Amino acid sequence: MQFTYDEFCGTDIFEIKDEVYNYLLKARRHKIDDEIYFRNLKDENLYLYKINFIDKKRAILNLISSEKKILLNDKKLHLGWCVIDPKTIEKYIPSLNEMGIDKITFIYSDFSQKNFKINIEKLEKILINSSCQCGRSNIIKLDICKNLDTFIKQNDDTYFLDFSQICIDDKKDEIKTLVIGCEGGFSAKERNAFNKENIIGFNSGLILRSETAIISAGSKIVL
């Protein structure tokens, strides 16, 4: 772990309890005088605290130092991810967070199953744990869009990952917003709305699952 998340850290004297207490004192077995790094993921600071008091339900820590430390990718990429099974999203979104993806908007495209519900609060908890592991100083920003047409209107110069003679490698420096289809890809109606010059693909004829496509595309652009 690069740091522990607690939304209340940042003060000179800081109390931990409940989930954070159980993790640090029972799982990690920290003790008095141990020093632990924290972030609140609201500011850009990394806080170093020392444990000064422990009882059965809480611990008191004192601030040793704070440092403005920003760990983010220089490349800002916004992914439009057409909605797939939330369990699959939960499994793969930590990898996208580790890459440094800036934002993901979940789009209910024509082939998305409308009964799939995106739980933003649950995903943010997963992303917080991911950032604690990789050291990232924030988490992916998350949003939901009702359909692809609305997303295109809200985001200028959107690119689309589909079958194309234009390889993603040739456009990766230009791409700031990229849409990834769900299982089954895009409908004919949706494809008609695309800017044909902004359709890109991989140098492969194989059909990729949505999660494979988004990981592959994201890594090519931001890493």
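None of these values were measured; they are calculated from a predicted model.

Caption draft 1: Representation of helix α3 (residues 120-134). For α3, with 15 residues, the first-to-last C-alpha span of 21 Å sits near the 21 Å given by 1.5 Å per residue. Listed in full, the buried residues belonging to α3 are Leu123, Leu127, Ile128, Ser130, Ser131 and Cys132. Residue Asn119 occupies the N-cap position of α3, its side-chain oxygen lying 3.2 Å from the main-chain nitrogen of Glu121. Backbone geometry just downstream of α3 places Gly135 in the positive-phi region, at approximately 95 degrees.

Caption draft 2: Representation of the packing of helix α2 (residues 86-99) against α3. The interhelical angle for the contact between α2 and α3, taken along N-to-C directions, is 40 degrees, at an axis separation of 9 Å. Considering the angle they form, α2 stands oblique to α3. Note that α2 runs across α3; the crossing there is right-handed. Across from Ile89, Glu90, Ile93, Pro94, Asn97 and Glu98 in α2, the residues of α3 making contact are Lys122, Leu123, Ile126, Leu127, Ser130, Ser131 and Cys134. Partitioned by chemical class, the residues of the contact of α2 with α3 number 7 nonpolar, 3 polar and 3 charged.

Caption draft 3: Region of the structure containing the nonpolar core. Residues Trp81, Ile93, Leu96, Ile101, Ile104, Phe106 and Leu178 are the most contacted members of the largest nonpolar core, which totals 50 residues. Beyond its immediate stretch of four places on either side in the chain, Ile101 contacts Leu77, Leu79, Leu96, Arg136, Ile140, Gly218 and Val222. Among the nonpolar cores identified, the runner-up in size contains 14 residues, and Phe14, Leu24, Tyr49 and Leu61 belong to it.

Caption draft 4: Region of the structure containing the sheet that holds strand β7 (residues 103-107). Ordered by their spatial adjacency, 6 strands build an open sheet running β8-β7-β6-β10-β9-β11, and the pairing between neighbours is parallel. Lying at the two open borders of the sheet, with one neighbouring strand each, are β8 (141-145) and β11 (199-200). Pairing of strand β9 (residues 159-161) with β11, which is carried by 2 bridges, proceeds in the parallel orientation. What sits directly across from Phe160, in β11, is Ile199. Relative to the sheet, helix α7 (residues 210-222) contacts β6 (78-82), β9 and β10 (177-180), its axis offset from that of β10 by approximately 160 degrees.

What counts and how
- Residues numbered from 1 in each chain as written.
- Predicted model: local features only at pLDDT ≥ 70, side-chain atom pairs only at ≥ 80, totals over all residues.
- Heavy atoms only, no water.
- Helix = DSSP H or I, 4+ residues; strand = E, 2+ residues; numbered from the N terminus.
- Expected span 1.5 Å × (residues − 1).
- Buried < 20%, exposed > 50% of the residue type's maximum accessible area, 1.4 Å probe, protein only.
- Polar contact = N/O pair within 3.5 Å; in protein donor to acceptor, adjacent residues only side chain to side chain.
- Axes fitted to C-alpha atoms, helices over the stretch in contact; angles between N-to-C directions.
- Parallel < 35°, antiparallel > 145°, perpendicular 65-115°, else oblique.
- Left-handed = near helix turned anticlockwise from the far one by under 90°.
- Contact = heavy atoms within 4.5 Å.
- Nonpolar A, V, L, I, M, F, W, Y, C, P; charged D, E, K, R; others polar.
- Core = buried A, V, L, I, M, F, W, Y, C linked by side-chain atoms within 4.5 Å.
- Pairing = 2+ DSSP bridges.

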